[in-house]
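Reading the structure
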Amino acid sequence: MTETFTGVSGALQAGMDSLYSLSQQFPEISAWYTTVIRFVLPVLGLLILLTAIRSLLSVKHTAEVWAYLNFGEQRIPLTHWENIIGRQKTADVVIDDPAVSRTHAALIRQPDDTWNLYDLGSTSGTYVRGRTAPAEEPLPVEFGDEISFADIPAWLEPVSPEEKQARRKRRAGLDKPVSPWGLLILMSFFQILTCIQLIISTGEKADPTLPLIFLGMTAVMWIYCLTLRAFRRVGFEMEMIAFFLCTISLAVTASFAPASVPKQFFAILLGMVGFLVLGWFLRDLSRANALRKFMAVLAVLLLAATLVLGSSSGGAKNWIKLGGMSLQPSEIAKVCYIFAGSATLDRLFRKKNLGLFMALTLICLGCLALMNDFGAAAIFFVTFIVIAFLRSGDWATLALICGGCGAGGLVLLSVKPHVLKRFASWGHIWEDVYGAGFQQTHSLTAAASGGLVGVGAGNGWLGVTAADTDMVFCKVCEEWGLIIAVLAVLCIVTLAVFAVRACRAGRSSFYTIAACAATSLMVFQTCLNVFGAVDILPLTGVTFPFLSNGGTSMLASWGMLAFLKASDTRQNASFAIRLPSRRELRHEQEEFDEYAED
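The model shown is predicted, which means the values in this text are computed figures rather than measured ones.

1. Quick look at the packing of helix H7 (residues 261–282) against helix H19 (residues 551–566)
A pair of packed helices is characterised by two quantities: the angle between their axes and the separation of those axes. At their nearest, the axes of H7 and H19 sit 8 Å apart, and the two run at 30° to each other. By the angle class used here, H7 and H19 are roughly parallel. As H7 packs across H19, the resulting crossing turns out to be right-handed. Of the residues in H19, those in contact with Gln264, Ala267, Ile268, Leu270, Gly271, Met272, Phe275, Leu278, Gly279 and Leu282 of H7 are Gly551, Met554, Leu555, Trp558, Gly559, Leu561, Ala562, Phe563, Lys565 and Ala566. Counted by class, the contact of H7 with H19 contains 14 nonpolar, five polar and one charged residues.

2. What about the nonpolar core?
Ranked by internal contacts, the top residues of the largest apolar core, which has 155 residues, are Leu69, Leu107, Phe149, Trp480 and Trp558. Counting only domains with at least three residues in this core, you end up with domain 1 (67–158) and domain 2 (170–567). Discounting residues that sit within four places of it in the chain, tryptophan 480 has contacts with Leu41, Pro42, Phe190, Thr194, Ile248, Ala251, Val252, Leu452, Val453, Gly454 and Ala457. Listed in part, the six residues of the second largest apolar core include Ala106, Ile108, Tyr118 and Leu345.

3. Some remarks on the state of the cysteines
Taken as a whole, this structure holds zero disulfides when the rule is applied. Not engaged in a disulfide, the cysteine cysteine 364 finds its nearest cysteine sulfur in cysteine 367; these two sulfurs lie 6.7 Å apart. Cysteine 364 gets classed as buried once you look at its relative accessible area, which sits at 1%.

4. What about the packing of aromatic side chains?
Geometrically, a pair of aromatic rings is defined through the distance of the ring centres and the angle of the planes. Following the criterion strictly, the structure yields 20 aromatic pairs and no others. When the centroid spacing of 6.3 Å and the interplanar angle of 20° are considered together, the rings of tryptophan 181 and tryptophan 222 count as stacked. Within this pair, whereas tryptophan 181 is found in helix H4 (residues 180–202), its partner tryptophan 222 is found in helix H5 (residues 209–230), the two being separated by 41 residues in sequence. Aromatic pair phenylalanine 510 and tyrosine 511: ring centres 6.3 Å apart, planes at 75°, arrangement edge-to-face. There is no split in this pair, since phenylalanine 510 and tyrosine 511 are both buried. Here the aromatic cluster, defined as three or more aromatic residues joined through ring pairs, consists of Trp66, Trp81, Phe339, Phe510, Tyr511 and Phe563. Sitting over the face of the ring of tyrosine 68, arginine 75 holds its NZ or CZ atom 3.7 Å from the ring centroid.

5. Structural notes on the side chain of aspartate 373
On the secondary structure map, aspartate 373 appears in the loop between helix H11 (352–370) and helix H12 (374–392). Polar side-chain contacts of aspartate 373 include one of 3.3 Å to the backbone nitrogen of alanine 376.

6. Things to note about the packing of helix H9 (residues 329–341) against H19
Two elements in contact, H9 and H19, have axes whose closest approach is 7 Å; the angle formed by their N-to-C orientations is 20°. By the criterion of interaxial angle, the relationship of H9 to H19 is roughly parallel. Residue-level inspection shows Glu331, Ile332, Lys334, Val335, Ile338 and Phe339 of H9 in contact with H19, the latter providing Thr552, Ser553, Leu555, Ala556, Gly559, Met560 and Phe563. Here the residues of the contact of H9 with H19 sort into eight nonpolar, three polar and two charged.

7. With respect to unusual backbone geometry
Within the chain, aspartate 535 stands out as a residue other than glycine whose phi angle is a positive 70°. With respect to the helices and strands, the residue aspartate 535 is situated in the loop between helix H18 (509–533) and H19. Judged by its relative accessible area of 14%, aspartate 535 falls in the buried class. At phenylalanine 546, a position not held by glycine, the phi torsion is positive, near 70°. Here phenylalanine 546 shows up in the loop between H18 and H19.

8. What to know about a nonpolar patch on the surface
On the surface, a nonpolar cluster with roughly 270 Å² of combined accessible area is contributed by Leu57, Leu490, Val493 and Val497. Broken down by element, the nonpolar patch gets its largest block of residues, three residues, from helix H17 (residues 482–503). If you trace the backbone, leucine 57 turns up in helix H2 (residues 27–57). Given the relative accessible area of 37%, leucine 57 is considered partly exposed.

9. Description of the pattern of salt bridges
Following the criterion strictly, the structure yields 10 salt bridges and no others. Measuring nitrogen to oxygen at the nearest pair gives 3.0 Å for the salt bridge that ties arginine 507 to glutamate 64. Of this pair, arginine 507 sits in the loop between H17 and H18 while glutamate 64 is found in the loop between H2 and strand E1 (67–70), placing the two residues 443 residues apart along the sequence. The burial state of arginine 507 is the same as that of glutamate 64; both residues are buried. Between glutamate 239 and lysine 565 there is a salt bridge; the shortest N-O distance is 3.1 Å.

10. With respect to the environment of cysteine 474
In this structure, cysteine 474 sits in helix H16 (residues 472–480). By relative accessible area, which is 1% here, cysteine 474 ends up buried. For the pair formed by cysteine 474 and alanine 448, sequence separation is 26 residues and the distance between their alpha carbons is 8.5 Å. Not counting chain neighbours up to four residues away, the residues in contact with cysteine 474 comprise Ser443, Leu444, Ala447 and Ala533.

11. Focus on helix H15 (residues 438–450)
End to end, H15 covers 19 Å across 13 residues, agreeing with the expected 18 Å (1.5 Å per residue, within 8%). Within H15, burial applies to Gln440, Thr441, His442, Ser443, Leu444, Ala446, Ala447 and Gly450. Where H15 is buried, its residues meet H16 and H18. Where H15 ends, the next residue or the one after it, glycine 451, has phi of about 65°, a positive value.

12. A few points about helix H6 (residues 237–256)
With 20 residues, H6 ought to run about 28 Å at 1.5 Å a step, and its terminal C-alpha atoms sit 29 Å apart, in line with that. Within H6, 18 of the 20 residues are buried, which leaves the element mostly enclosed by the surrounding structure.

13. A word on the sheet that holds strand E10 (residues 146–149)
The sheet built from six strands is open, its strands ordered E2-E1-E11-E10-E7-E8 with antiparallel pairing. This sheet does not close on itself; its edge strands, each paired only once, are strand E2 (75–78) and strand E8 (131–132). In this sheet, E8 lies alongside strand E7 (residues 126–128) in antiparallel orientation, the contact comprising two bridges. In the sheet register, tyrosine 127 faces E8, and the bridge partner there is threonine 132.

Cut-offs used in this document
Residues numbered from 1 in each chain as written. Predicted model: local features only at pLDDT ≥ 70, side-chain atom pairs only at ≥ 80, totals over all residues. Heavy atoms only, no water. Axes fitted to C-alpha atoms, helices over the stretch in contact; angles between N-to-C directions. Helix = DSSP H or I, 4+ residues; strand = E, 2+ residues; numbered from the N terminus. Parallel < 35°, antiparallel > 145°, perpendicular 65-115°, else oblique. Left-handed = near helix turned anticlockwise from the far one by under 90°. Contact = heavy atoms within 4.5 Å. Nonpolar A, V, L, I, M, F, W, Y, C, P; charged D, E, K, R; others polar. Core = buried A, V, L, I, M, F, W, Y, C linked by side-chain atoms within 4.5 Å. Buried < 20%, exposed > 50% of the residue type's maximum accessible area, 1.4 Å probe, protein only. Domains from an automatic or database assignment. Disulfide = S-S within 2.5 Å. Phe/Tyr/Trp six-rings, centres within 6.5 Å; stacked < 30°, edge-to-face > 60°. Lys NZ or Arg CZ within 6 Å of the ring centre and 35° of its normal. Polar contact = N/O pair within 3.5 Å; in protein donor to acceptor, adjacent residues only side chain to side chain. Patch = residues over 30% accessible without salt bridge, like charges linked within 9 Å, V, L, I, M, F, W, Y side chains within 5 Å. Areas by Shrake-Rupley, 256 points an atom, 1.4 Å probe, with all protein chains shown as cover. Salt bridge = Lys/Arg side-chain N within 4 Å of Asp/Glu carboxyl O. Expected span 1.5 Å × (residues − 1). Pairing = 2+ DSSP bridges.

Right, dumping it as structure tokens:
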């Protein structure tokens, strides 16, 4: 293995030496390539991203019918795993009768296609086969059973084999995603051309690991898509967006901190592993619910460990140094926090449920305040607002919480000098170009020099502290141009829009809450990063998801993507649905044939 790696490394070094020698003999070739590639790469980027974005935004999110409630004159489809039944207009099954409570009952599907009924404290009761459903406790319901909501009877009916087969074909056609192969080919060209440009810009100092890593990135993409396609999975637009942003991240890292490129590539690989593992856990809701307490404890332990073992950087104690590595545990704590905050509908019935989540939030915010990491604290708080609203819908309580936290924030500004200093320079960076405004003024100047298509990967001059993390948007503007930088932001916004639209046909409140919280976090974090870099908001020192150089930030970004992937309702696209085996498909076909004969 070592001999093979040495041979590959030697061959790459020889190729790079030949390329460098050629560029020295014919300098006009290098200049010509850089000039042309400045326009070619943005065009490739536009094709890749616009194709992925258009595919995501054109999804119709066709409703999945899991069973029916037959009221005699009306047969209502159950299009979620968790269905609220009541008089209010927002219920999944609306019964317009004064005897029925606003939120009367819930009918919840189990993974084995059995159903449980919950009475939600209705005034006139819920009955199954004449038996009273206890409050907040499940009562099993079988197909054909009579369910009475007050004095209104209904029967639970299964989906017929004919309809199952027709539904599968209809959904596969209406929600058909774009083929990944064209995107993979474009991405491969994009990565190869980027690598050549970086080698030319680096010259004789180019490291042979650089082409090895870019080739490795290309191979990882193809292996991922080919493997999942072999398992009949479809819909890779989210991953393509992530791969594109990760490629830009590698290029920016190679330009600003070449020694960190292997570490960043390893973080991408580790993030993909975490993405798949988290997706596997999310497939089983009972398993995911059992893991929530562990995730809550892990979030607190990660933040507490930072308080004890962390070192200060830029006024915030948010890094733990282990040997030659630096970790930011608050990034991983974000994933744990969202996992702990999400819950299935039956868990939301328990009154203490939201109280425990609020206690977790207070502990996390307290730790972040003691760490002076107010950028992360703001992100946690916005995520809390999203989760708390989705779990309770109580605007009055949330408004009171926001008011209290706003007052607390103003007090903290007066007692934390480094935070106050950042706010003091906000909007006045050009008044102190070589002092408090040094980072932003130089970053904005570099960004302006890039124009629409940039100066070329590796040709930028921006070298301020955190150019590849907090200021990465300006670095991308400089080397890749404003078009690619704006598209990178649009990618994050597109993921959020897709998640919100998918949640309308969401299977479980767990996936809905997790996806909305994850996208809200990513959008808010992107806004803080971009608007902080261009002085529209105070500079908070947060990273751009997928784009910034940083191992723990990359792991967290892939973790957020797993929540979004689980919310995808397209046929064979989501982690949340176990695909039927070929044996089960054959059995379904046999049922259909028997049904057709009858």
